[in-house]
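Here is how the chains run, residue by residue.
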Amino acid sequence: MLSRKTKHTLLKVISMFSVVRGYNIPVIALAQYLSAIFILAPEKRALDVLLDFNLFIIVLVSSLTIASGYIINNFYDSKKDLINRPNKSQLDRLVSQKTKLQVYFSVNFIVFLLAFLVSFRAVLFFSAYIFLIWFYSHKLKKITIVGNLTASFLAVLPFFAILLYYKNLYPQIFAHATFLFLLILIREMIKDLENIKGDIANDYQTVPVLFGEAFSKKIITLLTVSTIIPIYYLVEVFEVGYMDIYFYVSMIVLIFFLQKLWKSDSKPDYLKLHNILKFLVVSGVFCIVLIDPSVLIHGKKMVETIVR
């Protein structure tokens, strides 16, 4: 049997894991590696990319920066989350606000030191990233539209860290980034509909709060339809291998999403829409391998050779 003190410590660890959304960070790290292998450095061997020490540090520093971002965002949103996410908020509150700040500054200090192992440019990039996350959580989040745009931009910024490292400016990279940006922006708009009660109580000037749900749905519809533009370029203009299957399926899912959007009028409904978009984003990460599945086949053969 665990002692009371051990149980309390374990609950605090679980609480901090909840605060930093530890379940999201491995997916982002995987997305960075897959993007490097299949999109940003396709001319390099997959094994060379995986064994690149500087790339490992960039992915690690990105993960730590995102974790610190979740902490500071949770710190500023504590009152709002009591209304919008009461169950999660109770778990998060097992760790004091003071402890959250201490962990936040400690993680950022580690980020600063690790970035130096790559280059001074990496230090500048992640310092700016940390500042932008703080400024978003502290000020920008409450500003109409600006908060949504900033949140979406910050979500795709870790991939620009890889882009700067490889210094590749292929047009298809921006098409991929645009599609991801739009999906995340739509998800941010859905979150505003989902959290409207907490936003009103805490004076967040979101689109649903200022202009109503119907107007917000019109903007979401426009953004959803606009995903056709990057999808067209990715499928018809650029070479994405078998990943075009993912984009075709995404279009079908987004049509279903729009139908459900205009029938939704409650938090559970918006939560389902949120999860549909999350599914598209996460499945998109794993579908990157469809750009060139032969990499996996060669990798499997190499592993089998090493084992023998």
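For the structure, see preceding data.
Because the structure is predicted, anything quoted here is derived from the model rather than measured.

**Q** Report on the overall build of the chain, specifying residues and quantitative values.
**A** Counting its secondary structure elements, the chain contains 17 helices and zero strands. By residue count, 46% of the 308 residues in the chain fall in the buried class. Considering only contacts within the chain whose residues lie at least 6 apart along the sequence, 77% involve residues at least 24 apart. Summed over its atoms, the accessible surface of the chain is roughly 16,300 Å², and 70% of this surface lies on carbon and sulfur atoms.

**Q** Pulling in residues and values, what's your account of unusual backbone geometry?
**A** Unlike most non-glycine residues, I145 shows phi in positive territory, near 65°. With respect to the helices and strands, the residue I145 is situated in the loop between α8 (120–138) and α9 (146–166). In this structure I145 comes out as partly exposed when scored by relative accessible area, which is 33%.

**Q** An account of the pattern of salt bridges is needed here, citing residue identities and associated values.
**A** Applying the stated criterion across every chain, the model contains two salt bridges. For R45, the salt bridge goes to D48, with nearest N and O atoms at 3.3 Å. Put simply, E188 and K191 hold a salt bridge, and the shortest N to O gap is 3.4 Å. Residue E188 and its partner K191 are located together in helix α10 (residues 171–194), separated by three residues, close to a single helical turn.

**Q** Which residues make up the side chain of S264, and what are the values?
**A** Residue placement: S264 occurs in the loop between α15 (244–261) and α16 (267–286). From its side chain, S264 meets the backbone oxygen of K260 in a polar contact 2.7 Å long.

**Q** Summarise the environment of A175; cite the residues concerned and give the values.
**A** By the element assignment, A175 lies in helix α10. Distance from A175 to L234, taken between C-alpha atoms, is 6.6 Å for residues 59 residues apart in sequence. Every residue in contact with A175, bar those within four places of it in the chain, is listed here: P230, L234 and F238.

**Q** Explain α15 to me, and be specific about the residues and the numbers.
**A** Spanning 18 residues, α15 covers 25 Å between terminal C-alpha atoms, matching the ideal 26 Å at 1.5 Å per step. For α15, every residue scored as buried is listed here: Y246, F247, S250, V253, L254, F257, L258 and L261. Projected down its long axis, α15 shows its buried positions confined to an angular sector of 145°, all on one face. For α15, exposure combined with an orientation more than 90 degrees from the buried face picks out I252, I255 and Q259. On its buried face, α15 is in contact with α10, α13 (213–226), α14 (228–237) and α16.

**Q** Residue-level account of the nonpolar core, with values.
**A** Membership of the largest hydrophobic core comes to 82 residues, with the highest contact counts inside it found for F126, I190 and F257. Not counting chain neighbours up to four residues away, the residues in contact with I190 comprise I220, F257, L261, Y270, L273, H274 and L277.

**Q** So what's going on with the packing of α10 against α13? Residues and values would help.
**A** Closest axis-to-axis distance for the α10/α13 pair is 10 Å, and the angle between their directions is 165°. On the basis of their axis angle, the class for α10 and α13 is roughly antiparallel. The hand of the α10/α13 crossing is left-handed. Residue-level contacts link L182, L185, I186, M189, I190 and L193 of α10 to E213, S216, I219, I220, L223, T224 and S226 of α13. Tallied by class, residues from the contact of α10 with α13 come to nine nonpolar, three polar and one charged.

**Q** Requested: an account of the packing of aromatic side chains, with residues and values cited.
**A** Applying the stated criterion across every chain yields a total of 15 aromatic pairs. Each ring, one from F116 and one from F120, has its centre 6.4 Å from the other, and the planes form 40°; the classification is tilted. In this structure F116 comes out as partly exposed when scored by relative accessible area, which is 43%. Assessed through its relative accessible area of 53%, F120 is described here as exposed. Plain terms: the ring middles of F179 and Y246 are 6.3 Å apart, the flat faces sit at 90° to each other, and that makes the pair edge-to-face. Of this pair, F179 sits in helix α10 while Y246 sits in helix α15, and the two are 67 residues apart along the sequence.

The rules behind the values
Residues numbered from 1 in each chain as written. Predicted model: local features only at pLDDT ≥ 70, side-chain atom pairs only at ≥ 80, totals over all residues. Heavy atoms only, no water. Helix = DSSP H or I, 4+ residues; strand = E, 2+ residues; numbered from the N terminus. Buried < 20%, exposed > 50% of the residue type's maximum accessible area, 1.4 Å probe, protein only. Contact = heavy atoms within 4.5 Å. Areas by Shrake-Rupley, 256 points an atom, 1.4 Å probe, with all protein chains shown as cover. Salt bridge = Lys/Arg side-chain N within 4 Å of Asp/Glu carboxyl O. Polar contact = N/O pair within 3.5 Å; in protein donor to acceptor, adjacent residues only side chain to side chain. Expected span 1.5 Å × (residues − 1). Arc of directions from axis to C-beta. Core = buried A, V, L, I, M, F, W, Y, C linked by side-chain atoms within 4.5 Å. Axes fitted to C-alpha atoms, helices over the stretch in contact; angles between N-to-C directions. Parallel < 35°, antiparallel > 145°, perpendicular 65-115°, else oblique. Left-handed = near helix turned anticlockwise from the far one by under 90°. Nonpolar A, V, L, I, M, F, W, Y, C, P; charged D, E, K, R; others polar. Phe/Tyr/Trp six-rings, centres within 6.5 Å; stacked < 30°, edge-to-face > 60°.

Keep in mind these values describe shape, not function.
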